[in-house]
Amino acid sequence: MEAVQLLTTIILVVTVFLAIIYRQRSSKRSSNLRQPTTKVLNPTVTRQTLIDQADAFSNRPPTPFPIPLITGRRHRHGITTVPYGPHWRALWSNLTAAILKPWRQGLMAPLQREAIDALVTSISTRCADDGNGDLVIRDSIYGAVFSVLTTVCFGDHVDFNHVRSMELMMQEFRVAIGEARVLARSTIAKIKHWRQWRRFLGFRTQQVDLFVPLINARCQTRRSTKHGTWPYVDSLIDLRIPDENDPSGANHRALTEDEMVSLIVEFLGAVESIVAVLEWTLAHLVIKPEVQTKLRHELLIVDGDHVSGKRSGDPGSYLHAVVMESLRLHPPFPLIMKTVPATTGMRVQFMLGDIGKDEKLWTDAGEFKPERFIAGGEGEGMGLVPSGSKKIKMMPFGAGQRSCPGAALGVQFIKDLVAAMVREFEWEMPVEGGGGVDMTELYGFITVMTPLRTHIKPLCA
Ligand code: HEM
């Protein structure tokens, strides 16, 4: 009898203890989610604040979305979520040294060229197969950009099927984040849509299953790619960051497996933005054939109606203007979240996208007019991020210390893709379904357009 009483008491004590811990944890998590959020709706105030006080907003909330799955737990930080300081500096400098510098030096250009050539071949084949039909090309573009970033990340010895599995997982993950943002705010919604929520939580396991074997393989054997570059993962394996358990800051530690997975997810996530901007750009070229023709004349040698050759290299100003105009109207991240400095972590939401559409800053702000970015136009000489004396009337890459380090790489990649698409194909209104382009925005992890459906005709040079 005494034993039963003792056992009951132990179970009771353990249950109460676990309940207290659970309560503490969940209240801590939900208090984080319930932090007051201030929305800055006025584009002039957003722009002014982000230019004048950009560096004061050097931190984001621990989880930019109310989902602790992606990051937010200890030892899971990526560059986007880590607080500003030595840890951030170590991750940021590593990305710059491992990826952005070799890219600037042109070391990754052959890899990018191969992927673009393969994309052209794949679209040409689909045009031949589909006869006069319309095509949705998002998946083809995604595959091409993803193949470049996976090679940059893991090297070029990864099995094709493995690359394909990572690609599908990342595409599904992007869609799932959009859905999960809504579910994460309410317990009832989570219970009601428990299958969807469970599927979402399962992504972390999939990411670990797909990325960790590749990380381990690099720990065993290091080989440069056939173009002589070294994968991002190698730099992550070698990186040492300040050990947060040592207040002196003298000790450093290696990244955990979990941190590497977060950094890889973050890196491969950049594919989405590049694809989104390319798709919006092509959509505008379909809607405004005169812009497409003008751009083609910059990219190709055209005699009357006959294309007699291709201009090589970065042809210049009109291509740049077209891509800038697309970024002005359709920044993939139309809002960013920051925390107020030296407060309890109050969140501030800045509507980045509204700056580019501000009627006070731009004439005919809603119109796609690349001419505004060429000499004499109101956008001439516009920088990608606020720096020095460059005028800023759009912020597709944010501002301040935490602005996008991949801006130059992203824009160059988009320009190369647009150039290839316009040199090789004529982009026309779809034949089926009423003949219009659906420009409806779809909100999720980033803002994308409804998949572009268009009629494509290969051009013979
Ligand atoms: C069109 C392509 C891209 C767009 C529109 C874009 C946009 C952005 C924006 C709006 C931010 C937040 C800025 C802020 O909070 O002020 C950001 C951050 C970031 N982006 Fe990009 N990005 C692009 C491509 C890339 C690429 C190619 C890379 C990787 C090489 C990259 C890596 C990052 C990282 C690591 C951060 C976090 C920076 C930090 O917190 O210090 N992005 N990006």
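Look above for the structure.
Please read all numbers here as calculations on a predicted model, not as lab measurements. (Residues numbered from 1 in each chain as written. Predicted model: local features only at pLDDT ≥ 70, side-chain atom pairs only at ≥ 80, totals over all residues. Heavy atoms only, no water.)

S.K.: Explain helix H4 (residues 109–130) residue by residue, including any values.
M.R.: With 22 residues, H4 should reach 32 Å at 1.5 Å per residue; the first-to-last C-alpha distance of 31 Å fits that figure. Its buried side turned inward, H4 meets helix H3 (86–104), strand E2 (135–136), helix H5 (138–154), helix H15 (407–424), strand E9 (425–428) and strand E12 (453–458). Directly after H4, the chain includes glycine 131, whose backbone phi takes a positive value near 60°. (Helix = DSSP H or I, 4+ residues; strand = E, 2+ residues; numbered from the N terminus. Expected span 1.5 Å × (residues − 1). Contact = heavy atoms within 4.5 Å.)

S.K.: Residues and numbers for the pairing of E12, please.
M.R.: Examined bridge by bridge, E2 and E12 share two bridges and lie antiparallel to one another. What sits directly across from leucine 135, in E12, is threonine 454. Summarising the sheet, E9 and E12 pair through four bridges and their orientation is antiparallel. Following the sheet pairing, glutamate 426 is matched in E12 by lysine 457. (Pairing = 2+ DSSP bridges.)

S.K.: Quick rundown of the site of the ligand? Include the residues and the values.
M.R.: Taken together, 25 residues lie around the ligand, and Arg60, Trp88, Lys338, Arg402 and Cys404 are the ones closest in. A distance of 2.8 Å separates an oxygen atom of the ligand from a polar side-chain atom of lysine 338. Within the side chain of arginine 402, a nitrogen or oxygen atom sits 2.8 Å from an oxygen atom of the ligand. Elements with a minimum of two residues in the shell around the ligand: H3, helix H11 (270–287), strand E7 (336–339) and H15. Residue classes in the shell around the ligand are distributed as 17 nonpolar, five polar and three charged. (Near = heavy atom within 4 Å. Polar contact = N/O pair within 3.5 Å; in protein donor to acceptor, adjacent residues only side chain to side chain. Nonpolar A, V, L, I, M, F, W, Y, C, P; charged D, E, K, R; others polar.)

S.K.: Give me the pattern of salt bridges: which residues, what numbers.
M.R.: Opposite charge on two side chains permits them to pair, given that their charged atoms come into close proximity. In this structure the tally under the stated criterion is 16 salt bridges. A salt bridge links aspartate 234 to arginine 218; its shortest N-O distance comes to 2.8 Å. Taken as a pair, aspartate 234 in helix H9 (residues 232–238) and arginine 218 in helix H8 (residues 194–220) lie far apart in primary sequence, 16 residues in all. For aspartate 234, a relative accessible area of 4% puts it in the buried group. The salt bridge partner of lysine 457 is glutamate 428, with a shortest N-O separation of 3.2 Å. With a gap of 29 residues between them, lysine 457 in strand E12 and glutamate 428 in strand E9 connect regions that are remote in the sequence. The exposure class of lysine 457 is partly exposed, given its relative accessible area of 40%. One salt-bridge network, held together by shared partners, links Arg218, Arg222, Asp234 and Asp238. (Salt bridge = Lys/Arg side-chain N within 4 Å of Asp/Glu carboxyl O. Buried < 20%, exposed > 50% of the residue type's maximum accessible area, 1.4 Å probe, protein only.)

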